[in-house]
Every structure is written in C-alpha cells, then in structure tokens.
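# Overview (structure and organization)
Here's the letter readout for the chains.
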Amino acid sequence: MKCIKCGTDNNLKDRTANQGRCTKCNHPFAFEPTSMGTVKITDPMFAKIINDISANNTLFFTPKQLLYFLDSRLRNKSFNPLGFAGVYIFFNVWVTGFFGGMFSGILGFNSFLTANVIYQICVVIYLFNNTKSVKLNHASRKDSAKSLQRLGILILVAGIPVSLFVFQSFILFVSFVSIGMYSLFLGTQQLGKVGKLIQEFLISQTRLQEWLNRWEQINNVPEKILPSPRQEIAPARINPDVTAYSFDRLVVCDSATIAQFLIANNFHFENNCAILSITGYPQSIFNTTMEMLRRNPDLKVFTIHDCSPKGVSLVNHLRTSERWFLNSNVKIIDIGLLPRQIIATKRGMFIQSSPDLATAAKQLPGEIRQSLTAEELAWLDAGNFVELESFTPQRLIQVLRSGISGSSNLESDDNSLILIGDSGNDIYMVESFG
C-alpha cells in the first residue's frame, strides 16, 4: 500500500515491522486492509474517493453522500462478465472430468454427462441469484442477467448437436434444451427487473464514521465534508436595503441537510434563487426570506426531495400551509424525486425498502394518493424509497440546475414539464430526474 504523503510502497511486512507506519516518512496508515474483513479499503483509495466526490476539492458533500459514493466504488468489481466466462470454462472442464471420473465406476460414461448437466444447473442458479442480490449494484445485476442469456444460448448451440449427433441421447437433448431455454428466459425476465430491485449497503453509516474518525486523527478532517445543519433560532440581522428586493425563484428541500448542501455550494448565488427547507432551515433568515418572496407575483417555486412518503407530500404541504403558500397562485415545479421518474428510468438507482415507510405511504392523505398513479402507489406502498443523497454532489446540482433552466418558459410546448394542477393553482412536474 502506498503512503499518501510520500508515495512509498509499503508491503504488509514493512507496515507490520514499522507499527503501521510508512518506512520512509513514518506517516501512519489509517487503514490496514488485511484486517478489515470482507470489505477492504486502503489509504490511497479513501483519499481518491474523497477527491472524486468533491470534484477535486471544489464541491461540499454530506457524510451520507460519501457513504453512497464509497458503496458504489466497493461494488464496482462485484461481478466481472469476462472473469466469470474464464472461470465458467475452467470449471466446466474440471467439474465434468473430476466428478465424472469419481462416479464413473457406478454410472459408467454417463457420469460425465450427468456431472456436466448438474454443473450447468448450478451455474444458472448462481447467475439468477446474482440478478436479484441486494448486495450487488445495478450494473453487476444487469451483467449477471446478460450472462444468463449468453449461457442459455451457449448451452443450446453446443448442447443440441452434441446430444443428437455425438451421444445420440434424447434424454441429454431434453436436458440441454430445458436448461438452455430456462436460462435464456430467466436472463431476459431479470434484465427488465434489475433496475427496480432494492439494494443494501455493503457497509454501515456507523462503520463509515469510524473510518472517518480514524482518517481525521491521522490526516485531518476532509475539507469539503459538511457537518450536521445547525439550528440557528435567533433571527439574523439583514440590511434593510437587501430586504427591499425579492427573488424570482425559490428552491424548497424536504430536509435541512440538502438545503445546507446547496447553500454551501453557492447554488443560490450562481442561480439567483433562495433556498429553504420545509423544516424552516436556515431558521435565522426564514421569516425574512418568506416576506421577500411573497412580494414577487412572478415567483416560481422548485421542490426537490427524496422519493418517499414525506417527499411526495412536499408540494401538497406548500399549497396547504399558512407558513408557505396557502391561497397563493404561485407556480410550483416539482423536480423530484417522484416514483414515476424512478419507474421510467433505465438507470440504476439505489432503491431501498422500509416497513415503516410502507405504513407511512398507506397513511398518506387522500388528495396526495389521488395525485399518484396506481403504479406509483404500489411502489410506495411496498416501502420503497430513494434518497437524494444517493446522487453525487455534481449530479444533484446538475439535475436541479437543469430543472430550473428547463422551466424558463412554462407556456412552451418544448419544455419537459407536465402540468398536473388546475388553472390558478398550477403545479408542474419534471418528467425525468436528470
């Protein structure tokens, strides 16, 4: 493992002999991959992850975003189709020869054929389990489904002529056709499902925090990682000349964490908009900002939220709360995340599931459930959810910026928005989340 300070490569013997320090500069290593169990990480890898998620130290990010980003990097080599092909060919020969030879005294030459058929069945089961594994990412599950298809074709192309013309066995012919067709069917079926299946983290937030604590002790706190949002109750003093103006746009988030993330990355300055959370963050300027916003008759409100019962309730809350826009004709553009955006996307998103959220979804008010399609309701009622923090800082900012720029002319037929409200109470929805 290379030292992140001087670049010297230290093998395990060197690190052990020097009490976990670099043999050249004596800088301590934060991680020892040989003692980390199944999930291994090195100092250079962790440093690169921090650099990549912050876009070369230019963007702030949340601890949860780091968890998702690290998880995706750890999954990158979960399933390698080329590696699988090599292993498959090797064991196809080895299993057939070893177990066939072992039982040849009982079954004769048929033992080799039986061993091969059983091997093909085991490989099909292995690949099928991969396509629905909560521990693999979308790409790995998709590759497993495609491998199932390729395996099915290979078994049919090779097995049919061998069984008919070499061994002249009808039973073998039926076996290969059945396995090949079933493998091809399973692969095709799962290929359409892999992007909609739930996932689980390879590591926990607690374990990541332990790693961060260790990293901070040795290499200081990552410059761009955000702390928990502070609750500043006391009103901030704002120049009266500033409060005389207003904003043309407001971004409302469903959590203080996302609002803090956008503000820290100067999204409000670069896009000339106010940023608030539905919880009232930042508390110190919330009331003053709302007074400024209500003075603008052309105000556009953009919402961005998790795909969850709380998230899909955000627009309704803005419309029905006196604290927000009750009895107002302000235009609201819901950028997402919405279940229909996840259902329609071909990209793999990190979908999770929670029994508590399944209960919360079924208890949503009637007006909110009526605004959702049957497919969306089924998705939410199953307890599924996707968090905004599963997207990288760069991607999340890009999606929000694109949603705002795409709403510059709401009357145009060329925009990507869908009107889902009545006249005088206009609510628009962005078709695709990025």
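Data block above holds the structure.
One structure accompanies this document, and this report is about it.

Right, let's talk about the packing of helix H4 (residues 81-102) against helix H7 (residues 138-166) for a bit. Two elements in contact, H4 and H7, have axes separated by 11 Å at closest approach and are oriented at 40°. For the element pair H4 and H7, the recorded crossing hand is right-handed. Contacts between H4 and H7 pair Pro81, Phe84 and Tyr88 from the former with Asp143, Ser147, Leu151 and Leu154 from the latter. The residue inventory of the contact of H4 with H7, partitioned by class, reads five nonpolar, one polar and one charged.

This part covers the environment of Trp215. You can see Trp215 is positioned in helix H9 (residues 205-219). Taking the relative accessible area as the measure of exposure, Trp215 reaches 6% and is therefore buried. Along the sequence, Trp215 and Ala30 sit 185 residues apart, while their C-alpha atoms lie 5.7 Å from each other. Excluding residues within four positions of it along the chain, Trp215 makes contact with Ile4, Ala30, Phe31, Asp43, Phe46, Ala47, Ile50, Asn220 and Pro222.

Counting 43 residues, the largest nonpolar core has Val251, Leu262, Phe267, Leu337 and Phe433 as the members making the most contacts within it. Among the elements of the structure, strand S1 (249-253), helix H11 (256-264), strand S3 (300-304), strand S4 (331-336), helix H19 (374-381), helix H20 (393-405) and strand S8 (427-430) are those that each provide at least two residues to this core. Dropping the residues within four chain positions of it, Phe267 is found in contact with Val251, Leu262, Cys273, Ile275, Ile397, Leu400, Arg401 and Ile404. Core analysis: the next-biggest nonpolar cluster, separate from the first, contains 25 residues, Tyr68, Phe201, Ile203 and Leu212 among them.

Another point: unusual backbone geometry. Looking along the chain, the bond that leaves Tyr281 and enters Pro282 is cis, with omega of -5°. Residue Leu337 follows Gly336 across a cis peptide bond; omega there is 10°. Topologically, Leu337 is positioned in the loop between S4 and helix H16 (339-344). The phi angle at Asn26 is positive, at roughly 65°, despite the residue not being glycine. In this structure, Asn26 sits in the loop between helix H1 (12-17) and helix H2 (43-53). We classify Asn26 as partly exposed; its relative accessible area is 40%. Not every positive phi belongs to a glycine, and Asn57 is a case in point at roughly 65°. Examined against the element boundaries, Asn57 turns out to sit in the loop between H2 and helix H3 (63-75).

Parameters at a glance
- Residues numbered from 1 in each chain as written.
- Predicted model: local features only at pLDDT ≥ 70, side-chain atom pairs only at ≥ 80, totals over all residues.
- Heavy atoms only, no water.
- Axes fitted to C-alpha atoms, helices over the stretch in contact; angles between N-to-C directions.
- Helix = DSSP H or I, 4+ residues; strand = E, 2+ residues; numbered from the N terminus.
- Left-handed = near helix turned anticlockwise from the far one by under 90°.
- Contact = heavy atoms within 4.5 Å.
- Nonpolar A, V, L, I, M, F, W, Y, C, P; charged D, E, K, R; others polar.
- Buried < 20%, exposed > 50% of the residue type's maximum accessible area, 1.4 Å probe, protein only.
- Core = buried A, V, L, I, M, F, W, Y, C linked by side-chain atoms within 4.5 Å.

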